[in-house]
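What follows is each chain in one-letter form.
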Amino acid sequence: MKKKFIVLGVLFAAFGFTKINAQINFGEKALGAVQKGVSGFTFSNADAAALSKAAVDKMDAEHQVAAATDPYTLRLNRVFGKYTAGDGYTLNYKVYKVKEVNAFATADGSVRVYSGLMDIMDDNELLAVIGHEIGHVANQDSRDAIKAAYRKEALLEGAASQSATIASVTDSQLGKIGSAIIDSKFSRKQEAEADLFSYEFLKKNGYNVNAEESAFRILAKMSEGNEASFIDQMMSSHPDSKQRAEDAKKRAEKDGLYKPYVQQKIVNTAPAKKGTPAKKAPAKKKK
């Protein structure tokens, strides 16, 4: 079965790849009431967060979200659940039960991880990926991008009216803003800074920093083959995964922490309850 990929846009701070048609339709019901009456010139951080949250709420409604007792949710909470806040942001986590490989974070602090990613990366690699996504939130990349897209759309409409201030944003404008955000990409500098944030997160919290290199190696390997040319095209404004893996390796070497990473066992099943003996495999019959 072929793996399907897409690099999501700025709002979703994409680290990995998912289906090419997995886009959001910013319609009247989803976002119509969120930004009405907000001026393009006074678009605040709170406005950016509200718009992001509305988009994520729609995404949550359109995907199979792992329940609180689902093994994927239990693993994500175990691995990353204690990291719920940073300098100026609060995080919330959910798992999408989707086979594609992806993770994203938004300006309101929503972090969404695809089960497909959790199937191929161990806990340390997962920490590196999510750390990268949180880096975009902490560095305000997602906030600034959605503000820029909002202002561009509102200003275009405002210019036509030649008014001193921009009128209330319409549902139609919100749809255009959502499309513009999805189609845009992070700059090389922003990606590099998010990579560094992830590395420093691993280092600060006592995790194996070499997992970052390993995570990029996995993505680089996935980009080889039938989808390679497509990914090269989509990633034209970003450093490729192989280069980012090399950069992660150099950081670890500089700190005297480098050691080839060996992937640990990946466990996406619920842990056994205490006192419950593990099931033994049936004995083979002697011939």
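Located above this text is the structure these notes cover.
Within each chain, residues carry numbers counting from 1 in the order of the written sequence. Restriction of local features to residues with pLDDT of at least 70 applies here, the model being predicted, together with a cutoff of 80 or more for giving and counting side-chain atom pairs; totals for whole chains, interfaces and linings are based on all residues. Calculation of side-chain values draws on the structure's entire complement of heavy atoms; hydrogens and water are dropped beforehand.

Trainee: Could you clarify how one ought to interpret the nonpolar core in this entry?
Mentor: It is characteristic of soluble globular proteins that their nonpolar side chains tend to be buried jointly. Among the buried residues, those of types Ala, Val, Leu, Ile, Met, Phe, Trp, Tyr and Cys that are joined through side-chain atoms within 4.5 Å form a nonpolar core. Each residue's exposure class comes from its accessible area (1.4 Å probe, protein chains only) as a fraction of the maximum for that residue type: buried when under 20%, exposed when over 50%, partly exposed otherwise. Phe80, Tyr93 and Ile130 are the most contacted members of the largest nonpolar core, which has 34 residues in total. Every helix listed is a DSSP run of H or I at least four residues long, and every strand listed is a run of E at least two residues long, numbered separately from the N terminus. Among the elements that make up this core, the one with the highest residue count is helix H5 (residues 123–138) (seven residues). Excluding anything up to four places from it in sequence, tyrosine 93 contacts Leu76, Phe80, Tyr83, Val111, Arg112, Ile130 and Ile134. Membership of the second largest hydrophobic core comes to five residues, among which are Met59, Tyr96, Val98 and Tyr114. We call two residues contacting when some pair of their heavy atoms lies within 4.5 Å.

Trainee: For this particular structure, what's the right way to read helix H3 (residues 71–80)?
Mentor: Residues spaced three or four apart along an α-helix point in a common direction, a consequence of the helix completing one turn every 3.6 residues. Within the sequence span of H3, burial applies to Tyr72, Thr73, Arg75, Leu76, Val79 and Phe80. Seen along its axis, H3 keeps its buried residues to an arc of 160°; they face one direction. Under the rule applied, a polar contact is a pair of N or O atoms within 3.5 Å (in protein, one hydrogen donor and one hydrogen acceptor; residues adjacent in sequence only if both atoms are side-chain atoms). Two to three positions downstream of the cap, the backbone nitrogen of tyrosine 72 sits 2.8 Å from a side-chain oxygen, assigning the N-cap of H3 to aspartate 70. Directions drawn from the helix axis to the C-beta atoms are what define this arc.

Trainee: Help me out: how do you make sense of unusual backbone geometry in this one?
Mentor: Trans is the prevailing form of peptide bonds, just as negative phi is the prevailing case for residues other than glycine. Although it is not a glycine, glutamine 140 adopts a positive phi angle of roughly 65°. Tracing the sequence through the fold places glutamine 140 in the loop between H5 and helix H6 (141–161).

Trainee: Sorry if this is basic, but what is going on with the packing of helix H9 (residues 210–222) against helix H11 (residues 241–254) here?
Mentor: When two helices pack together, you describe them by how their axes are tilted relative to each other and by the distance separating the axes. Running from N to C, H9 and H11 point in directions that differ by 165°, and their axes come no closer than 8 Å. By the angle between their directions, the pair H9 and H11 is classed as roughly antiparallel. When the axes of H9 and H11 are compared, the crossing they make is left-handed. Counted together, Asn210, Glu212, Glu213, Phe216, Arg217, Leu219 and Ala220 of H9 and Ser241, Lys242, Arg244, Ala245, Glu246, Ala248, Lys249, Arg251 and Ala252 of H11 form the full contact between these two elements. Axis definition: a line fitted to C-alpha atoms, limited for helices to the stretch in contact. Angles are taken between N-to-C directions and run from 0 to 180 degrees. For classification purposes, angles smaller than 35 degrees are called roughly parallel, those larger than 145 roughly antiparallel, those between 65 and 115 roughly perpendicular, and all remaining angles oblique. Two helices cross in a left-handed way if the nearer one is turned anticlockwise from the farther one by less than a right angle. They cross in a right-handed way if the turn is clockwise.

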